[in-house]
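# Architecture at a glance
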Amino acid sequence: MIVTRLDEGQLADCVDELAELLVDTVDGGASIGFLAPMDRAAALAWWKERVGAVAAGHLAVWAAYDGRRAVGTVGLAFPDKPNSRHRAELVKLMVHRDARGQGLGRRLLDTAEQAARSAGITLLHLDTETDSPAERLYGSAGWTRAGVIPDYAADPAGVPRPTTLYYKQLGKAAVTR
């Protein structure tokens, strides 16, 4: 599989594929901020809204392709505050149901971590549904569990679920003015 970072033009060109991936991910039970069944038009609109964030440098997005279509994605969201430029949030790690169990989630995670290091990011953080397959991935990849917030977000079925917060230190922070 090929994993590539998308600039705003590439992202705009593949929003249809990424909308299909988002629909599959949510309808497959992943808790990534949406309710099932995921409306394709809403998924398309959500991805179109990301184009501006990528253009502004507030978001970086990588997509994984199996030769036919996008089967995975991950993003890094960068804060805009001067005192937080050393950190980023790992967002929307998605793997199509057909591509799960092949190490793609780990590969996307590794890609985002390496890109963060290269950009001088020294701290990553994320949140994920407690006891989800994603939580096992982050734990096995060396992320540190910071705590659990009860009933933080609804799962795709609309049931409030706890969320686990994780962080990973990539190096020593040196915040400059």
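Quick look at the structure, then. Given the structure is predicted, the values throughout are model-derived calculations rather than measurements.

Calculation rules
Residues numbered from 1 in each chain as written. Predicted model: local features only at pLDDT ≥ 70, side-chain atom pairs only at ≥ 80, totals over all residues. Heavy atoms only, no water. Helix = DSSP H or I, 4+ residues; strand = E, 2+ residues; numbered from the N terminus. Buried < 20%, exposed > 50% of the residue type's maximum accessible area, 1.4 Å probe, protein only. Lys, Arg positive; Asp, Glu negative; His and termini not counted. Salt bridge = Lys/Arg side-chain N within 4 Å of Asp/Glu carboxyl O. Polar contact = N/O pair within 3.5 Å; in protein donor to acceptor, adjacent residues only side chain to side chain. Contact = heavy atoms within 4.5 Å. 1 Å grid on protein atoms, 1.4 Å probe; cavity = no way out; pocket = protein on both sides within 12 Å on 5 of 7 lines; lining within 4 Å. Points joined across faces, edges and corners; volume = space filled by probe spheres on them. Nonpolar A, V, L, I, M, F, W, Y, C, P; charged D, E, K, R; others polar. Axes fitted to C-alpha atoms, helices over the stretch in contact; angles between N-to-C directions. Parallel < 35°, antiparallel > 145°, perpendicular 65-115°, else oblique. Left-handed = near helix turned anticlockwise from the far one by under 90°. Expected span 1.5 Å × (residues − 1). Arc of directions from axis to C-beta. Patch = residues over 30% accessible without salt bridge, like charges linked within 9 Å, V, L, I, M, F, W, Y side chains within 5 Å. Areas by Shrake-Rupley, 256 points an atom, 1.4 Å probe, with all protein chains shown as cover.

## Digging into the side chain of glutamate 135
Looking at where glutamate 135 falls in the secondary structure, it is placed in helix 5 (residues 133–140). Comment: no salt bridge for buried glutamate 135; closest opposite-charge side chain is arginine 145, at 4.0 Å. Only 2.9 Å separates the side chain of glutamate 135 from the side chain of threonine 164, close enough to count as a polar contact. Polar contacts involving the side chain of glutamate 135 include one to the side chain of tyrosine 166, which spans 3.1 Å. With residues up to four places along the chain from it excluded, the contact list for glutamate 135 reads Thr128, Glu129, Thr130, Arg145, Thr164 and Tyr166.

## Considerations on the layout of surface pockets
Considering only enclosed or pocket space, the largest pocket measures out at about 1000 Å³ in volume. Along the wall of the largest pocket there are 49 residues; nearest its centre are Ala30, Ile32, Leu93, Ala134 and Tyr138. Looking at the lining of the largest pocket, the element that brings in the most residues is strand 4 (residues 87–95), giving seven residues. Class assignment for the residues of the lining of the largest pocket results in 26 nonpolar, 15 polar and eight charged.

## Observations regarding the packing of helix 4 (residues 104–118) against helix 5
At a closest axis distance of 11 Å, the pairing of helix 4 and helix 5 adopts a crossing angle of 55 degrees. Considering the angle they form, helix 4 stands oblique to helix 5. Our pair here, helix 4 against helix 5, has a crossing hand that is right-handed. Listed contacts from helix 5 to Gly105, Arg106 and Leu109 of helix 4 are Leu137, Tyr138 and Ser140.

## Thoughts on helix 3 (residues 40–56)
Helix length check: helix 3, at 17 residues, gives a terminal C-alpha distance of 26 Å against a target of 24 Å (1.5 Å per residue), a fit within 8%. Taken residue by residue, helix 3 has Ala43, Leu44, Trp46, Trp47, Arg50, Val51 and Val54 as its buried positions. Viewed along the axis of helix 3, the buried residues span an arc of 170 degrees, placing them on a single side of the element. Exposed and oriented more than 90 degrees from the buried face of helix 3 are Ala41, Lys48 and Glu49. Where helix 3 is buried, its residues meet strand 1 (2–6), helix 1 (8–13), helix 2 (15–27), strand 2 (59–65), strand 3 (70–77) and strand 4. Sitting at the amino-terminal end of helix 3 is aspartate 39, which places a side-chain oxygen 3.3 Å from the backbone nitrogen of alanine 41.

## A look at a nonpolar patch on the surface
A cluster of nonpolar residues, Ile149, Tyr152 and Leu165, forms a patch on the protein surface that exposes about 250 Å² of accessible area. Tracing the backbone shows leucine 165 in strand 7 (residues 160–169).

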